Amino acid sequence: MEIINYLKTLNMKTLDFTGLTNVQKVTNGLQQLLADFQIHYTNLRGFHWNVKGKDFYLLHEKFEEMYDDAAEKVDEIAERILMLGETPLHRFTDYLKTNKVKETGVVSSGEEAVKIILDTYKQLIASERALIEKAVEIDDEATVALLSDYISEQEKEIWMLTAFLG
Ligand SMILES: [Fe+2]
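Rules behind the numbers
Residues numbered from 1 in each chain as written. Predicted model: local features only at pLDDT ≥ 70, side-chain atom pairs only at ≥ 80, totals over all residues. Heavy atoms only, no water. Phe/Tyr/Trp six-rings, centres within 6.5 Å; stacked < 30°, edge-to-face > 60°. Buried < 20%, exposed > 50% of the residue type's maximum accessible area, 1.4 Å probe, protein only. Lys NZ or Arg CZ within 6 Å of the ring centre and 35° of its normal. Helix = DSSP H or I, 4+ residues; strand = E, 2+ residues; numbered from the N terminus. Core = buried A, V, L, I, M, F, W, Y, C linked by side-chain atoms within 4.5 Å. Contact = heavy atoms within 4.5 Å. Expected span 1.5 Å × (residues − 1). Patch = residues over 30% accessible without salt bridge, like charges linked within 9 Å, V, L, I, M, F, W, Y side chains within 5 Å. Areas by Shrake-Rupley, 256 points an atom, 1.4 Å probe, with all protein chains shown as cover. Salt bridge = Lys/Arg side-chain N within 4 Å of Asp/Glu carboxyl O.

Draft legend 1. Molecular detail of the packing of aromatic side chains. Here the structure, examined in full by the defined rule, presents five aromatic pairs. Considering the side-chain rings of Phe56 and Tyr57, the 5.4 Å spacing of their centres and the 80° angle between planes classify their relative orientation as edge-to-face. Taking the relative accessible area as the measure of exposure, Tyr57 reaches 69% and is therefore exposed. If you follow Lys73 out to its NZ or CZ, it ends over the ring of Tyr150, 4.8 Å from the centre.

Structural data, given as structure tokens:
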């Protein structure tokens with residue numbers, strides 16, 4: 001506790017040590033991505049609960065795997081925002097003002113759920129690409145690496161989901 005108070009008196013900030021500057025455009029984009037992944041997460045939980053039909057067992061499990069993955073990414077994005085010296089949004093009232101990915105209603109068709117997930121990936125990849133450009137501008141390699149990994153994973157998921165539908 002004493003060390004924390006001592007550090008507070010020094011007013012130490014992450015950016016003093018990382019050497020990153022002008023991070024605002026990147027943190028704004030990360031806040032939007034955080035909101036999008038939180039909405040994506042709750043949509044996936046809905047699909048997991050409500051899916052019906054012959055692929056139930058397969059999709060019920062697949063959607064759980066996907067929402068667990070989304071939850072991990074939520075945490076990674078939030079912690080990246082903290083490393084860049086900002087406070088990540090945590091209230092859904094804020095997410096619903098910041099998001100691009102939209103909430104879905106009750107979806108029981110597995111095919112419809114998969115189509116919505118594909119549209120969500122399209123939206124997420126577009127946001128991530130735009131954000132990578134901003135991160136490159138300020139030499140923020142760590143954000144670039146994080147988002148590049150997300151795009152690789154999402155492109156692989158897109159291949160598998162389109163194969164499932166096709
Ligand atoms: Fe469950």
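Draft legend 2. Broad picture of the environment of Ala126. For Ala126, the location among the structural elements is in helix 6 (residues 110–137). The class for Ala126 is partly exposed, based on a relative accessible area of 42%. Between the C-alpha atom of Ala126 and that of Ile151, which follows or precedes it by 25 residues, the distance is 9.4 Å.

Draft legend 3. Layout of the nonpolar core. Counting residues in hydrophobic clusters, the biggest one holds 43 residues, and the most contacted among them are Phe37, Phe63, Ile77 and Ile117. Beyond its immediate chain neighbours, meaning those up to four positions away, Ile77 contacts Leu30, Leu33, Leu34, Phe37 and Tyr150.

Draft legend 4. Local environment of helix 7 (residues 141–165). With 25 residues, helix 7 ought to run about 36 Å at 1.5 Å a step, and its terminal C-alpha atoms sit 36 Å apart, in line with that. Those residues of helix 7 that sit buried are Thr143, Val144, Leu146, Leu147, Tyr150, Ile151, Gln154, Glu157 and Leu161. In this fold, the buried residues of helix 7 make contact with helix 3 (24–50), helix 4 (56–83) and helix 6.

Draft legend 5. Up close: a nonpolar patch on the surface. A cluster of nonpolar residues, Ile3, Ile4, Tyr6, Leu10, Met12 and Phe17, forms a patch on the protein surface that exposes about 640 Å² of accessible area. Considering every element that reaches the nonpolar patch, the biggest residue donor is helix 1 (residues 2–10), with four residues. Overall, the relative accessible area of 43% leaves Met12 in the partly exposed class.

Draft legend 6. Local environment of the pattern of salt bridges. Counted according to the given criterion, the structure contains nine salt bridges. For Asp69, the salt bridge is made with Lys73, and the minimal N-O distance between the two is 3.0 Å. One end of the pair, Asp69, and the other, Lys73, are both in helix 4, four residues apart, so they sit about a helical turn from each other. By relative accessible area, which is 30% here, Asp69 ends up partly exposed. Lys73 sits in the buried class, given a relative accessible area of 5%. Put simply, Glu111 and Lys115 hold a salt bridge, and the shortest N to O gap is 3.4 Å. Separated by four residues within a single helix, Glu111 and Lys115 lie in helix 6, roughly one turn from each other.

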